[in-house]
Structures are given as structure tokens and as C-alpha cells.
Amino acid sequence: MSVSMSKKRLNLGLDRFSGVYLGILFIIVFSLLSSQFFNMATFHVIASTQSTAGIIAIALLVPMVCEQFDLSVGANANLTGMLAVILQVNEHWSALAAVLAAIGVGFAVGMVNGFIVVALRVSSFIATLGVSSVLGAVTIIFTSNITPAAPTSSGWTNLTQIQVGGFQVVFVYLIALALLTWWLLEFTPAGRYLYAIGGNKEAARLAGVRVNRWSFLALALAGGVSGFAGILYTSLTGPSFTFGAALLLPGFAAVFLGATQITPGRFNVWGTLIAIFVLAVGVQGLELLSGATWLSPMFNGVALIAAVALAVTRGTRRRKATRQASVSQLADDGGPPPPSPGRPLGEESRRQEENAVAGQAPGGGTIASE
Amino acid sequence: MTAVLTASKLSKTFNGRTVLREFEITIEPGEIHALLGQNGSGKSTLIKALAGYHVPDEGAIIQVGGRDLEPGSPASAFQLGCRFVHQDLALVHTMSVQDNLFLTSGFPTRFGGVSRKAARRAAVRALSVVGLDLDPDEQVAALRPAQRTGVAVARALLGHDGELPAVVVLDEPTATLPTHEVHALLATLRSTAASGVGILYVTHHLDEVRGFAGQVTVLRNGSRIGCWDVNEISSADLVRRLVGKQLADELHTAQESPRPGASTEGAAILTVSGLRAARLSELSLQVRPGEIVGIYGLTGSGREDALTAIYGSVRREAGRVRVGSQELPAGRPDAAIKAGVGYLPPDRKTLGAVMDLSARHNLTLPDVRPFWHRGILHRKPEAAEVNTWFDRMRVEPRDGAEAPLSTFSGGNQQKILLAKWLRLAPRVLLLDEPSQGVDIGAKLEVHRQIAAAARGGAAVVVCSSEVEELVALCGRVLVMRNGHVSDDLAGSRVNVTDINLSFHGDQRERAGGRHQ
């Protein structure tokens, strides 16, 4: 009975924190190979440059929990960052007003995504892909395709460049946002509903979860957080037309890799952050050693594929184990339900059916059985 | 004349359980032979053994047209002239009739490409054999259900080189057809038989046997009860042989008397009027607190849509549902829950549960508010409540609340899902196939809990394809056919034989209606 239970208890360390161990391994290896690596400056650089990436990953995470892909986070961040700059430089708004307006626009984009997915019933993948293209165009329109000068007000630069405990304040924003998201996903009814929707949308709906409402809110939130990320990036590094696109894939890689950590098989915040930083440490170390510039996209691409492949094989192994476990319990179990007439008669379903038939009580069964 | 199909000593055993016991049958050319059997009688296993999907036990002799069938080989069955029309017609709806017809037997070709003219001619010929007047270019999706079944039959009749097959086996072809379409299909099959093809027709419906089949074989619990000329046996006799004297022995002995769900005090709490949705044409119903009402029917009867229509999880085309004085809106399961209704869906894996989530999360999903205090959900009180329910329902493993629901056995999963609703103390409990995929022990527990809920004042509606379950639980049973309630049995009429007799229908009434 407790076959899978004991298996879960065994690998507490290695299974759930492999990322942390890997990160420590990277640090040790790179520190040995390069004297320049192991110093606080390196870590501060990693912390601040990856913070925006981390915030984008968090933006991706929330809708991902309820199975919505938000491919527009990069373009959204790009748009809001540029918007904040343009409002200050061209329209002479104050930094605060510009920041608030830009975040508002980010939320609005998220709500548009939500509307298209929930009301128009377009898949989130397609909807946000289309929206991201539109956002790129809109960004070009209001900037007239000219990169604006960076705003010089202290309000703007202080947004990201104050130091707190040696780290730039962006890092603190990231941690604060991560804590909020952790609270949302683990300790609120909303979090329960999001995971339920992601696990089985129809079952969640039948259990009274308002699927449309929560999917919409998840996408809206993603938009707002992306907006925030965009402003931070532009404040830190200056306005650019391309930073958004570059943040998208690493974000997804981190979210999926993060699902292998802490609570394996389940998207979660801290796993995502671990993934972001481990990947960054790996890339930074290799770049320092080799000077190659293609390392980041290579790393992130491979990591994304590896993370999803791992998840698929784990899922298949778990399903096989569950099936075997229930088959071995035939003595006191009716076994898995027989396949419906419409299902393809493959080898697997034939075995399943034989077990189901053998285990069923006489006279019992559904229409789908004899 | 050589028989088109003979079988003898045909047995099949799965893991020590004999599902089919020394079956035998003989079908002559042009004969329409009906096979009658209930759920669990071994019908499907028989057909799959003939089709080569299952390998029968040693010693089985199956011959098609005098030639031995190779066991376990679908190709052998096809080659010898055995054709099948399964419940899943396996037609591609987005393709034309013509394309579907040649899917299995291959297209007439010319120089490697499909010869459109020859194909069209062959298609028209194939359709005329079954008496279907259809445009071969029409999309299957646009056809009526009987026409689709007809196309599946026409395809089954396409032999190699224009030869008709020896025998066509149809597995409950009318399960999803409305009455007038059944008539059309039977006519199609009569013309087919007239061409010398043998027909083995598997069905639940007595009225399709009389006036259509020549011979009938009855299968019960894997054994061939007998074979009769249709004109030589009465319907009542057939039903008795079909159902046997089986009683729900384990269930009955375990049940505390008096029968639960028969107490009827006070005003109805659930009122359903003129409900119409999907395959449900019309349902009106009143259930009082403490009453357990059963709904019985097979695929296509509207039974499957009854509870979802009452709950409101599907769009309603017409009708109203009230719980007490509150109207239940359609499309709002959350509103139904707030009004005090609980709904246990039929298929756990796809509808009833979120399998990847823990048992705890599944159990508390409809209402987590009791644990929400000062901005967070408190785990301890939640775990405590979950454990209380685990104890009450005797879920094993008792301490496994944190494990994913998928790791529990089917019976335990169902107990957890039932607890999910009982926890809300619902005024109305809608249960769809509550013991589907559930072992005997868990089934008893589930039934005990349902009875207890009714005693506690809930109005319960149980939808099931298992007559014994309904007899064990319900004070009243509604029998559904073709989207309507065809009978309302109460009190002493709630027993296996009466429900089956009512379901299979009064022969005279049925025949009168059909010949209009």
C-alpha cells in the first residue's frame, strides 16, 4: 500500500535539492579553476543581473501553475520599460508617475491576455504569442523606433541602484516578490484553486472552482509583474528594444527546472529561483573561463529541454508504478476502470482491461465493460 | 449448407477468473442471430475473442465458413470473411463516406493513385447492398446516427474482390440511436441478411430481438444459458433467463434493515421540472430529505446527462431546478455547492478528482474557508479534519493524506471523494456511478455512508448502470429510455427482476409503437 510513500521519503536530500548541490558544485569547480570567480563582486553582479530574469520567471510561474503559457512577458516588460522612459524623457512625467503608469499598462496587457484566453477561448499559447508580436509593434510606434536617452532623475535611478546590505535593491525586490508569490501559491485558497485547475481543469470546475476567474487573474497578475520587471531592467541597464525577447526563454527554463526542485513535479517559487541562480552561476563561471558569448542561450536551451524531458519520464514512471501498484492490489481492488469503447485497442489498454475484468466483482461493471 | 460461423468449447479466463465458459453457437447463411446478455455476462469478451483481440483458452473451436479461425489473429478473422461493427464505429467524421468505406479494404487504384471513378462506383454499390441511398461524397459528420451505423455496416460488407463476407458481428449498434433510427438500421440489416450474410447481433434490447432476429442465444455470467427460436419463447421467459435468480447477496446481507432511502417525510427539497439537456429529453423529479432515488438506464437513455443537468455543470436547454426555495442556475457548479448540492462525477480520473494533488487537497477543495485565518490557510486544523474523515470512511493507508490521490486504490479514492462532499453536509447529494471501479469492501462502505447521509436528512439521487446497487440503496427507481423516464418503481417493486422487466419493456406496447 505504501509503496510510493516510502519511495518519496527516501530521496529527501538529493531528489528535491539537486539544484542547490549542483550550484555548490559549480561554485567549487569554478573557484578552483579561476581565481577571479569566488568574490563578492561576482555574486553581486549575478544577483542583480539575474533579479530581473527572476522576476520574469515569477511572472511566468503563476499562470503556468494553472496551465496557461504566457509568452508575452518579455514583450510586455520591454514595452513597459520603454514606456516609463518615454513618459519621463518626452512627456516630462515624474519618475513615480511614469513607473505607476507603466505597471498599470503591464496589468492591462495581462488583462487583455486573460480576456482572449477566457472569453474568446483561444489557447494561452497562441493568444500570448500573438499579443507579444502586437506589443513589439506598439513599442516601435510610441518610440518612433528611436532608442530614447536614459532618464537622469535620481528617483528613477534610485529605483534599482540603491545598495541594501551590499546587494543592489533589485535583489531585495526579487526576494520580496518571491515571498509574496510563495504565500499566494501555498497559503491562500487562490493558490489551491490554481494548482487544482492546472491538475485537472474540469474536475476543479465540478468541485466549484471558478476556473475562468482564476485563469484571468493569473494572466493579469503575470502582466503586472512583467511590467514591474521591465521598469527595473530599464532603470538598471538603460532602455533597449531587445531585452524582453532575451528574458523569455531563460524564464521558462527556470520555471520548468524549478519544478524538479523542492516539490518535484510541481511548479513552485523557490525551485524557480534556485534554477535561475544555478544557471546563472554556471553561465557566469564558464564565461569567465572561456570568454565565449554564446553560453547563456546554449545553457538555457539545453536546461529547458532537459527539465521537461525529466518531468515527462518521471511522470511516465510514476504512472507505471501507480498502475502496477493497483494491479498488484487486485485482491481487494476492482482495478483500473475498463477502457471506454472509443479508446484505441493497444497492448497497454488490453492488459489494463484484462486486469480490470479479472478484478471486478461478478455482475458489476459499467457500460464500457461487457 | 455450411454454417457461416460455428464455435464450441469457447472459453476465456483472465488471471484465474473465468469470464466465458464453453460457449457454443451456430449461425447459418442469411440467419439473424441475436445474443442477449447483461453487463458482465461475457458478451464483449466473446466478440473480442472472435475478432482476434483476445486469445481464447485452449480447446476452443471457431470456424468461419467451415474453415478454422486462427486464435488471436484479427487478420485471420478478416480473411475468412468475419466482419465487425463495434460500439465505436471507428469512422473518421471529417472524411467523406467514400473515403471511410475504403479505409480498411483499400482504394481502387490506377497507376498508384486513387481512381476516383472506380472508387465512386464501388462506393455506390456498397451502399446499395445495405439499402442506403447516400451521396458518397457527403461528410460522415453530416450524417444521422443510423446512417453512420449503416456506413459502418457497408464498410464491413466490403470484401476483397467484391465478395460478400460470411458473417457480420454487430456489438450493440443501436445503443446511441433514437427509436426511429433503430427501425432504419434493422431494415438495412434485413437486406444484408437477405444476400446470404450471417448476422450476429449483440444487444440488451428485447424489442430488437423479436420481429428481427430468427434465433436468440442468452448469455449470463459467462455461461450460455440456451439458444431458442425467437418465436418459441416468450419475452418474460427470456428476461428471466437473462437475469436469473441472482440477488445482490453480499450487498443485501451487509445492509441494515429497513431499506434506506424509503423514508419520505415532509416537503420535497429537490424539485426538477421539465429538464432538458444533451441526450436528456425530459426529466421531472421531486426528492424529499432522507429519500434515495435511483436512476437506471443504459448508454443513450439520457441517464448520463441527468445529474450534470440537475447540478448545472452543463448548459440546460429547458427546465428548472430548485433546492428548497433557491433556483439553481446552469453553468455554475459553485452556485450549486453554495445552495447545498454535492455532485460526485462518474469518471474519477477525468472528472471526479485532481489525481496529482494530495488526498488532503482533493478532500477540502470545495471549501477551504474554515482553515483561512489571519491571512493564511492553516495546515494543522485541515490535516486534523482530513484525518477524521479518513477514520470515518476507513480509508487506507490511514496516514496517507499527503500522498497524491493517484496512489490510492480505486475504492479508497472513491471514499475520499465521497468524503469531499459529505464534509459539506449537503442538502442534496447527486451520485453518478458511485461504485465504478471500486472493490467490494469499499463499495459496502460507500453504500453505508450514502445510507447514513440520507438518514441525516440529505436528499440523494443515485445514477447507476448496476441494478443491484440501486436495489440495495434506493426507495424509488426511475427507469430511463430514449431521454425520458419510462417507469417509476417504488416500494416492493424495487427489485432486480421488476426493474429489468420494466427496462426491457412490455412487448406488446413496444411492437405497437415500432410499426407506426
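Cut-off values and rules
Residues numbered from 1 in each chain as written. Chains lettered and ligands numbered in written order. Predicted model: local features only at pLDDT ≥ 70, side-chain atom pairs only at ≥ 80, totals over all residues. Helix = DSSP H or I, 4+ residues; strand = E, 2+ residues; numbered from the N terminus. Buried ≥ 20, exposed ≤ 12 C-beta atoms within 10 Å, placed from the backbone. Contact = placed C-beta atoms within 7 Å. Rg over C-alpha atoms; globule rule 2.2 N^0.38 Å. Pairing = 2+ DSSP bridges. pLDDT = per-residue confidence, 0-100. Axes fitted to C-alpha atoms, helices over the stretch in contact; angles between N-to-C directions. Left-handed = near helix turned anticlockwise from the far one by under 90°. Nonpolar A, V, L, I, M, F, W, Y, C, P; charged D, E, K, R; others polar. Parallel < 35°, antiparallel > 145°, perpendicular 65-115°, else oblique. Core = buried A, V, L, I, M, F, W, Y, C linked by C-beta atoms within 7 Å. Expected span 1.5 Å × (residues − 1). Arc of directions from axis to C-beta.

### Considering the overall build of chain A
- For chain A, the helix and strand inventory stands at 15 helices and 2 strands.
- Looking at chain A as a whole, 47% of its 370 residues qualify as buried.
- The long-range fraction of contacts in chain A, counting pairs at least 24 apart against all pairs at least 6 apart in sequence, stands at 75%.

### Describing the overall build of chain B
- Summing up its helical and strand segments, chain B has 18 helices and 24 strands in all.
- Taking 516 residues into account, the globule formula puts the C-alpha radius of gyration at 24 Å, and chain B, at 26 Å, falls close to it.
- With the C-alpha coordinates of chain B rotated into their principal frame, the extents come out at 80 × 50 × 50 Å.
- Looking at chain B as a whole, 50% of its 516 residues are labelled buried.
- Sequence-distant contacts in chain B: of pairs separated by 6 or more residues, those separated by 24 or more amount to 68%.

### Section: the sheet that holds strand β17 (residues 326-327) of chain B
All names here are of chain B.
- Sheet architecture is open: 4 strands sit in the order β14-β13-β16-β17, paired in antiparallel fashion. Strands with a single pairing partner mark the edges of an open sheet, and in this sheet they are β14 (280-287) and β17.
- Examined bridge by bridge, strand β13 (residues 270-277) and β14 share 5 bridges and lie antiparallel to one another. Looking at the pairing, L275 lines up with L283 of β14.

### Notes on the confidence of the model for chain A
Residue and element names in this part refer to chain A.
- For chain A, per-residue confidence averages 81 on the pLDDT scale, and 82% of positions sit at 70 or higher.
- A low-confidence stretch, residues 1-7 stays under pLDDT 50, and its non-local contacts, those more than four residues away or across chains, total 10 contacts.
- Predicted confidence is poor over residues 326-370, with pLDDT under 50, and the contacts of this stretch with residues over four places away or in other chains come to 94 contacts.

### Here's the deal with the packing of helix α4 (residues 73-89) of chain A against helix α12 (residues 243-258) of chain A
Residue and element names in this part refer to chain A.
- Put simply, α4 and α12 touch, their axes get as near as 7 Å, and they point 145 degrees apart. By crossing handedness, the relation of α4 to α12 is classed as right-handed. Taken together, the residues of α12 that come into contact with α4 (itself represented by V73, G74, A75, A77 and N78) are F243, G244, A245, L247, L248 and G251.
- When the residues that make up the contact of α4 with α12 are grouped by side-chain class, the tally is 7 nonpolar, 4 polar and no charged.

### Side note on the sheet that holds strand β15 (residues 292-296) of chain B
Residue and element names in this part refer to chain B.
- Read across the open sheet, the 6 strands follow the order β18-β21-β22-β15-β23-β24; overall the sheet is mixed. Because the sheet does not close on itself, it has two edges, and the strands there are β18 (341-344) and β24 (484-490). Each adjacent strand pair in this sheet contributes to an overall mean axis angle of 15 degrees, direction not counted.
- Examined bridge by bridge, β15 and strand β22 (residues 459-464) share 5 bridges and lie parallel to one another. Bridged to G294 within β22 is V462.
- Packing of helix α15 (residues 440-455) onto the sheet brings it into contact with β15, β21 (428-432) and β22, and relative to β22 it is tilted by some 150 degrees.

### Observations concerning the environment of L50 of chain B
Residues and elements named next belong to chain B.
- With respect to the helices, strands and loops of the structure, L50 is situated in helix α1 (residues 43-51).
- Overall, L50 belongs to the buried group, with 25 C-beta atoms counted inside 10 Å.
- Along the chain, L50 and C82 lie 32 residues apart, while their C-alpha atoms are 8.5 Å from each other.

### Some remarks on the packing of helix α3 (residues 97-105) of chain B against helix α5 (residues 145-157) of chain B
Residue and element names in this part refer to chain B.
- Closest axis-to-axis distance for the α3/α5 pair is 8 Å, and the angle between their directions is 40 degrees. Judged by the angle between their axes, α3 and α5 are oblique. Every pair of crossing elements has a handedness; the one defined by α3 and α5 is right-handed. For the pair α3 and α5, the contacting residues are V97, N100, L101 and T104 in the first and V151, A154 and R155 in the second.
- Looking at the contact of α3 with α5 residue by residue, the classes come out as 4 nonpolar, 2 polar and 1 charged.

### Re the nonpolar core
- Counting residues in hydrophobic clusters, the biggest one holds 174 residues, and the most contacted among them are I56, L60, L61 and V255 of chain A together with V341, L430 and V460 of chain B.
- If one sorts the elements of this core by residue count, helix α11 (residues 211-237) of chain A sits on top with 14 residues.
- Residues L35, L50, V151 and L242 of chain B belong to the second largest nonpolar core, which totals 68 residues.

### Looking at the environment of G265 of chain A
Residue and element names in this part refer to chain A.
- The topology assignment puts G265 in the loop between α12 and α13 (269-290).
- Judged by the 14 C-beta atoms lying within 10 Å of it, G265 falls in the partly exposed class.
- When the C-alpha positions of G265 and L310 are compared, they lie 9.5 Å apart, and in sequence the two are 45 residues distant.

### Re unusual backbone geometry
- Cis peptide bonds are those with omega within 30 degrees of zero, and the linkage from E396 of chain B to P397 of chain B qualifies with -5 degrees.
- Mapping P397 of chain B onto the fold places it in the loop between α13 (379-393) and α14 (410-422).
- One non-glycine residue, E67 of chain A, lies in positive phi territory at about 65 degrees.
- Checked against the element boundaries, E67 of chain A lands in the loop between α3 (40-65) and α4.
- The exposure class assigned to E67 of chain A is partly exposed, which follows from the 16 C-beta atoms found within 10 Å.

### Brief notes about helix α8 (residues 169-187) of chain A
All names here are of chain A.
- Counted at 1.5 Å a residue, the expected span for α8 with its 19 residues is 27 Å, and the 26 Å between its end C-alpha atoms agrees.
- Along α8, the residues classified as buried are V170, F171, Y173, L174, T181 and L185. Looking down the long axis of α8, one finds its buried residues gathered within 150 degrees of arc, a one-sided arrangement. For α8, exposure combined with an orientation more than 90 degrees from the buried face picks out A176 and L179.
- Each element contacted by the buried residues of α8 is listed here: α3, α7 (154-161), β2 (167-168), α9 (189-199), α11 and α13.

### Details of the confidence of the model for chain B
Residues and elements named next belong to chain B.
- In this model, chain B carries an average pLDDT of 85, and 91% of its residues clear a pLDDT of 70 or more.
- In the predicted structure, residues 246-258 sits below a pLDDT of 50 and forms 13 contacts with residues beyond four places in sequence or in another chain.
- Below a pLDDT of 50 lies the segment residues 506-516, which in the model reaches 7 contacts outside its immediate sequence neighbourhood of four places, other chains included.

### Things to note about the pairing of strand β11 (residues 215-220) of chain B
Residue and element names in this part refer to chain B.
- For β11, the buried fraction is high: 6 of the 6 residues fall into the buried class.
- Across the two faces of β11 the burial is the same, with Q215, T217 and L219 and V216, V218 and R220 all buried.
- Note that strand β3 (residues 32-37) and β11 share 5 bridges and pair parallel. Looking at the pairing, H33 lines up with Q215 of β11.
- Hairpin connection from β11 to strand β12 (residues 223-229): 2 residues lie between these consecutive antiparallel strands, with N221 at a positive phi of about 50 degrees.

### Overview of the environment of R83 of chain B
All names here are of chain B.
- Tracing the backbone shows R83 in strand β6 (residues 82-85).
- Look at R83 and you get buried, because 23 C-beta atoms sit within 10 Å.
- In this structure the C-alpha to C-alpha distance between R83 and A166, which are 83 residues apart in sequence, comes to 8.1 Å.
- With residues near it in sequence (within four places) discarded, R83 still touches A156, L157, P165 and V168.

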